Amino acid sequence: MAQESPTSLSKRHTNLSIDPSAAKPGGTKQNTSFNADQLAECKELFEIFDKNNDDYIDKSEFVPMMRALGLNLSKQELDMFFARMDDSGDGLIEFPELVQFLEGISRPLSAEEELAEAFDFFEPRVIEIERNVEASVIDPKSLYKIFMDMGEDISEQECADMIEAATGGKEVIDFKTFQRFCKSTKRPRPAASADA
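Residues numbered from 1 in each chain as written. Predicted model: local features only at pLDDT ≥ 70, side-chain atom pairs only at ≥ 80, totals over all residues. Heavy atoms only, no water.

### Concerning the overall build of the chain
For step 1, the next point in the chain: Helices and strands together make up the secondary structure of the chain, namely nine helices and three strands.
For step 2, the next point in the chain: Of the regular secondary structure in the chain, the N- to C-terminal order runs α-α-α-α-α-α-β-β-α-α-β-α.
For step 3, the next point in the chain: With 196 residues in all, the chain has 33% of them scored as buried.
For step 4, the next point in the chain: Across the chain, contacts joining residues at least 24 apart in sequence account for 58% of those joining residues at least 6 apart.
For step 5, the next point in the chain: In the form shown here, the chain has an accessible surface area of approximately 12,400 Å², with 51% of it arising from carbon and sulfur atoms. (Helix = DSSP H or I, 4+ residues; strand = E, 2+ residues; numbered from the N terminus. Buried < 20%, exposed > 50% of the residue type's maximum accessible area, 1.4 Å probe, protein only. Contact = heavy atoms within 4.5 Å. Areas by Shrake-Rupley, 256 points an atom, 1.4 Å probe, with all protein chains shown as cover.)

### A few points about the nonpolar core
For step 1, the next point in the chain: Core analysis: the biggest nonpolar cluster contains 25 residues, and F62, M65, M66, L98 and L102 have the highest contact counts within it.
For step 2, the next point in the chain: If you list the elements that add at least two residues to this core, you get α2 (36–49), α3 (59–68), α4 (75–85) and α5 (95–106).
For step 3, the next point in the chain: Leave out the neighbours within four places in its chain, and F62 touches I57, L78, F81, F82 and M85.
For step 4, the next point in the chain: Judged by nonpolar contacts, the second largest core, of 12 residues, contains L143, F147, I154 and I163. (Core = buried A, V, L, I, M, F, W, Y, C linked by side-chain atoms within 4.5 Å.)

### Here we look at the packing of helix α7 (residues 140–149) against helix α8 (residues 156–167)
For step 1, the next point in the chain: Interaxial distance between α7 and α8 falls to 8 Å at its minimum, and their mutual angle equals 115 degrees. Remark: the crossing between α7 and α8 carries right-handed chirality. For the pair α7 and α8, the contacting residues are P140, K141, L143, Y144 and F147 in the first and E156, C159, A160, M162 and I163 in the second.
For step 2, the next point in the chain: In terms of residue class, the contact of α7 with α8 is made up of eight nonpolar, no polar and two charged. (Axes fitted to C-alpha atoms, helices over the stretch in contact; angles between N-to-C directions. Left-handed = near helix turned anticlockwise from the far one by under 90°. Nonpolar A, V, L, I, M, F, W, Y, C, P; charged D, E, K, R; others polar.)

### So, the pairing of strand β1 (residues 125–130)
For step 1, the next point in the chain: Note: β1 against strand β2 (residues 133–138), five bridges, orientation antiparallel. From the neighbouring strand, V126 faces β2, where its bridge partner is S136.
For step 2, the next point in the chain: The antiparallel hairpin formed by β1 and β2 contains two residues in its connecting segment, where N132 sits at a positive phi of about 65 degrees. (Pairing = 2+ DSSP bridges.)

### Thoughts on the packing of helix α6 (residues 111–121) against helix α9 (residues 175–182)
For step 1, the next point in the chain: α9 packs onto α6 with a crossing angle of 110 degrees between their chain directions and a minimal axis gap of 10 Å. Classified by the angle between their axes, α6 and α9 sit roughly perpendicular to one another. Where α6 crosses over α9, the two elements pack in a sense that is right-handed. Side by side, α6 and α9 meet where E112, L115, A116, A118 and F119 of the first sit next to F175, F178, Q179 and C182 of the second. (Parallel < 35°, antiparallel > 145°, perpendicular 65-115°, else oblique.)

This is the structure:
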């Protein structure tokens, strides 16, 4: 099979409508929703980037593959995508895992799913909020980690202060609060002054 350059491959795969925020972790393996042509393209993509022909994509092969798909991701995002694709947890992406991932990122997302993906980006931790009731929350440590990954110079205490100020005194941000933060509210625009 002739090797194609990543540029032409990227152009050919634009019909997958890739949305990185839609990637779903693991889950049950099921029959593919891709048609035969899409599966053939997935197989070709897999074979092009499986440089050592071992039927696996390792981390060193994964980064160029994501770039060829037009995904210029940060190291954190690359690590997250790789971990989500690697259902077996063996540090290698198998062809069925690639297909499952591409199906997940090529389908449209509901607003609720988008919010859940955005919330998960903060790597929330699970805490017990009531007896036998657990919830995922963004705490100062998770917020601090995100800011550090973005290169921001901020302390964990400043993150705690930000959460407290934004939530009216709470120490963590639960999903319901996160949803309220993300819902857009239409605010009236100030009227332009006649002097301007």
